[in-house]
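# Residue-level structural notes
Read off the chains here:
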Amino acid sequence: MAVAALRLLGPAARRAPGGAPCRAHRLTPADDELYQRTRVTVLERESPNTMFIEGYTSRGFTVSGDLVVGPCAILPRAILQWNVGSYRDISHESLSLFRLLEPQIEILVLGTGDRVERLHPAVLKQMRECGIAVEVQDTPNACATFNFLTSEKRVAAAGLIPPRGTYMGM
């Protein structure tokens, strides 16, 4: 009888002294919520062309199962040799490839080898003026950053110089 009285009085009667709700109170779904079904329709499957850096050595990179020897430019749909020998060779001209992409990339991740190296400020400023953010990191961190950005479906590219160390299986 007491339970029926509490139901008639509503939620205010089920409160503990001081106005806090009782721990035993449960929210139950409404009748229409019990029988609704959720449907998910996949409009577009995962792109098989997504680039993923699987590992690196002092000689090159493994990108989506392909071995790339030497410095490389990883674009949203292609992998290219990148004609730089060290971070000192990264210039306005060597970055022109990334400015010409259509659709335009949001962010360019540059891996400068074993250490983070400082690039000329004018080079970075020119990329920002084109609407491209540049992240300069050592190559191991640049690989991880690129993989993270592409997994988030960001339009990213990478310019990578192989480090001296070896790591397979990112």
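Analysis parameters
Residues numbered from 1 in each chain as written. Predicted model: local features only at pLDDT ≥ 70, side-chain atom pairs only at ≥ 80, totals over all residues. Heavy atoms only, no water. Helix = DSSP H or I, 4+ residues; strand = E, 2+ residues; numbered from the N terminus. Buried < 20%, exposed > 50% of the residue type's maximum accessible area, 1.4 Å probe, protein only. Contact = heavy atoms within 4.5 Å. Areas by Shrake-Rupley, 256 points an atom, 1.4 Å probe, with all protein chains shown as cover. Pairing = 2+ DSSP bridges. Axes fitted to C-alpha atoms, helices over the stretch in contact; angles between N-to-C directions. Salt bridge = Lys/Arg side-chain N within 4 Å of Asp/Glu carboxyl O.

## Regarding the overall build of the protein
Within the protein, the regular secondary structure consists of five helices and nine strands. Listing the helices and strands of the protein from first to last along the sequence gives α-α-β-β-β-β-β-α-β-α-β-α-β-β. Counting all 170 residues of the protein, 31% fall into the buried class. Counting only contacts in the protein whose residues sit at least 6 apart along the sequence, the fraction spanning at least 24 positions is 65%. When the accessible surface of the protein is split by element, carbon and sulfur atoms take 53% of a total near 11800 Å².

## Side note on the pairing of strand E8 (residues 156-160)
Burial runs high along E8: five of the five residues are buried. Alternating residues of E8 divide into Ala156, Ala158 and Leu160 and Ala157 and Gly159, and every residue in both groups is buried. Pairing geometry for strand E4 (residues 72-75) and E8, over three bridges, is antiparallel. Note on E8: the bridge partner recorded for alanine 73 is glycine 159. Alignment of strand E6 (residues 107-111) against E8, held across five bridges, turns out to be parallel. Bridging from a neighbouring strand, leucine 108 pairs with alanine 157 of E8.

## Comments concerning the environment of glycine 60
Here glycine 60 shows up in strand E2 (residues 60-63). Residue glycine 60 is classed as buried on the basis of its relative accessible area, which comes to 2%. In sequence terms glycine 60 and isoleucine 161 are 101 residues apart; their C-alpha atoms lie 8.0 Å from each other. Every residue in contact with glycine 60, bar those within four places of it in the chain, is listed here: Val68, Val69, Gly70 and Pro162.

## Let's talk about the sheet that holds E4
Read from one edge of the open sheet, five strands run E5-E4-E8-E6-E7, paired in mixed fashion. The open sheet has two free edges, formed respectively by strand E5 (78-81) and strand E7 (133-137), since each of these has just one partner strand. Neighbour-to-neighbour, the strand axes of this sheet turn through a mean angle of 15°, independent of strand direction. As defined by bridge partners, E4 adjoins E5 across four bridges and the pair is classed as antiparallel. Its bridge partner lying in E5, alanine 73 is registered against leucine 80. Sheet strands touched by helix H5 (residues 139-151): E4, E6, E7 and E8. Its angle to E6, the strand with the most contacts, is close to 155°.

## Focus: the environment of isoleucine 74
With respect to the helices and strands, the residue isoleucine 74 is situated in strand E4. The contacts of isoleucine 74, once residues within four sequence positions are left out, are Met51, Ile53, Val63, Phe146, Ala157, Ala158 and Leu160.

## Concerning the pattern of salt bridges
Evaluation of the coordinates by the stated rule reveals four salt bridges. The partner of aspartate 114 in a salt bridge is arginine 164, and the shortest N-O contact between them spans 3.2 Å. Remark: arginine 164 occurs in the loop between E8 and strand E9 (167-168) and aspartate 114 occurs in the loop between E6 and helix H4 (121-129); sequence separation between them is 50 residues. When its relative accessible area of 36% is taken as the criterion, aspartate 114 is described as partly exposed. Accessibility expressed as a relative area gives 71% for arginine 164, which makes it exposed. Glutamate 117 is the salt-bridge partner of arginine 115, the closest N and O atoms lying 3.6 Å from each other. Looking at glutamate 117, the relative accessible area reads 15%, which means it is buried.

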